Amino acid sequence: MKRFHFPLDRLRAWRQTQFEREEARLAALLAELEALRQHRGQLRAQEAASLASIHASPVVNVAELQTLEAFRRWVRREEVRIKSEEAGLGARIAEQRGAVVEARRKVEGLDRLKEKRLNAWRAEVDRQTEQAVAELVIARWTSR
């Protein structure tokens, strides 16, 4: 009996590569989302530090207050921009998760097909082995 050969191995390998690429894209999007969240947290920390330094000063002049207020307005605008980016990124992440699931489904479909064909091949090998053993037993009995 010849060795088991699955003719779709190359297709399966290609689909596995596609699946890994889709996972890498998803990981990149998730890393980008995390970077945005960290940036937003850093902005808030900077704002809090600026506010704390003003509160800690015994004397505060008008220019410092104006600078602080301008900085706080900029932080708010930046937070709105970041939240908007996060929302867009969230949609892209959801779409990419769908692509990862689809790619995984394609790989698993070929895996199931390969397993099914391997089981059929093993059953055929077992059947042929039993047949060969039966023929040997019959040949021994007839030679006696």
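About the criteria used
- Residues numbered from 1 in each chain as written.
- Predicted model: local features only at pLDDT ≥ 70, side-chain atom pairs only at ≥ 80, totals over all residues.
- Heavy atoms only, no water.
- Helix = DSSP H or I, 4+ residues; strand = E, 2+ residues; numbered from the N terminus.
- Rg over C-alpha atoms; globule rule 2.2 N^0.38 Å.
- Contact = heavy atoms within 4.5 Å.
- Lys, Arg positive; Asp, Glu negative; His and termini not counted.
- Charge placed at Lys NZ, Arg CZ, Asp CG, Glu CD.
- Phe/Tyr/Trp six-rings, centres within 6.5 Å; stacked < 30°, edge-to-face > 60°.
- Buried < 20%, exposed > 50% of the residue type's maximum accessible area, 1.4 Å probe, protein only.
- Core = buried A, V, L, I, M, F, W, Y, C linked by side-chain atoms within 4.5 Å.
- Expected span 1.5 Å × (residues − 1).
- Salt bridge = Lys/Arg side-chain N within 4 Å of Asp/Glu carboxyl O.

K.L.:
What should I look at first to understand the overall build of the protein in this one?
P.N.:
Within the protein, the regular secondary structure consists of two helices and zero strands. Computed over the C-alpha atoms, the radius of gyration of the protein is 33 Å, more than 25% above the 15 Å expected from 2.2 N^0.38 for a compact globule of 144 residues. Considered along the principal axes of its C-alpha atoms, the protein spans approximately 120 × 25 × 15 Å. Partitioning the intrachain contacts of the protein with sequence separation of at least 6 by distance along the chain shows that 89% fall at a separation of at least 24. On the protein, the mean spot of the 29 positive side-chain charges and the mean spot of the 22 negative ones are 5 Å from each other.

K.L.:
Would you mind showing me how to read the packing of aromatic side chains here?
P.N.:
Pairs of aromatic rings are described using the distance from one ring centre to the other and the angle between the two planes. With the rule as written, the count across this model stands at two aromatic pairs. Ring centres 6.1 Å apart and planes at 25° place the aromatic pair phenylalanine 71 and tryptophan 74 in the stacked group. Note that phenylalanine 71 and tryptophan 74 are positioned in helix H2 (residues 62-143) at a spacing of three residues, about one turn of the helix. The exposure class of tryptophan 74 is partly exposed, given its relative accessible area of 35%.

K.L.:
Just checking my understanding: could you explain the nonpolar core for this structure?
P.N.:
Most often, soluble globular proteins keep nonpolar side chains buried together rather than apart. Of all hydrophobic cores here, the largest spans 13 residues; its most connected members are Phe19, Leu89 and Ile93. Residue assignment for this core shows that the elements contributing at least two residues are helix H1 (9-56) and H2. Top element by residues in this core is H2. It accounts for seven residues. If we skip the residues at most four places from it in the chain, isoleucine 93 touches Leu26, Leu29, Leu30 and Leu33.

K.L.:
I keep staring at H1 and nothing clicks. Help me out?
P.N.:
When the terminal C-alpha atoms of H1 are compared, their 69 Å separation across 48 residues agrees well with the 70 Å that a helix rising 1.5 Å per residue should span. Listed in full, the buried residues belonging to H1 are Gln16, Phe19, Glu22, Leu26, Leu29, Leu33, Leu36, Arg40, Leu43, Glu47 and Ile54. Buried residues along H1 sit against H2.

K.L.:
Hey, could you run me through the pattern of salt bridges in this one?
P.N.:
Pairing is possible between side chains of opposite charge, provided their charged atoms come close. A full pass over the atoms with the stated rule returns 12 salt bridges. Here arginine 25 ties to glutamate 22 by a salt bridge, and the two come within 2.8 Å at their closest N and O atoms. Of this pair, arginine 25 and glutamate 22 both sit in helix H1, three residues apart, roughly one helical turn. Judged by relative accessible area, which is 14%, glutamate 22 ranks as buried. The shortest N-O distance in the salt bridge between arginine 44 and glutamate 79 comes to 2.7 Å.

K.L.:
Just checking my understanding: could you explain the environment of lysine 2 for this structure?
P.N.:
For lysine 2, the location among the structural elements is in the segment before H1. Residue lysine 2 is classed as exposed on the basis of its relative accessible area of 67%. Separated by 20 residues in the primary sequence, lysine 2 and glutamate 22 place their C-alpha atoms 37 Å from one another.

K.L.:
Is there a simple way to explain the environment of glutamine 96 in this structure?
P.N.:
One can find glutamine 96 in helix H2. Distance from glutamine 96 to leucine 29, taken between C-alpha atoms, is 8.6 Å for residues 67 residues apart in sequence. Apart from residues no more than four positions distant in its own chain, glutamine 96 is found in contact with Glu22, Arg25, Leu26 and Leu29.

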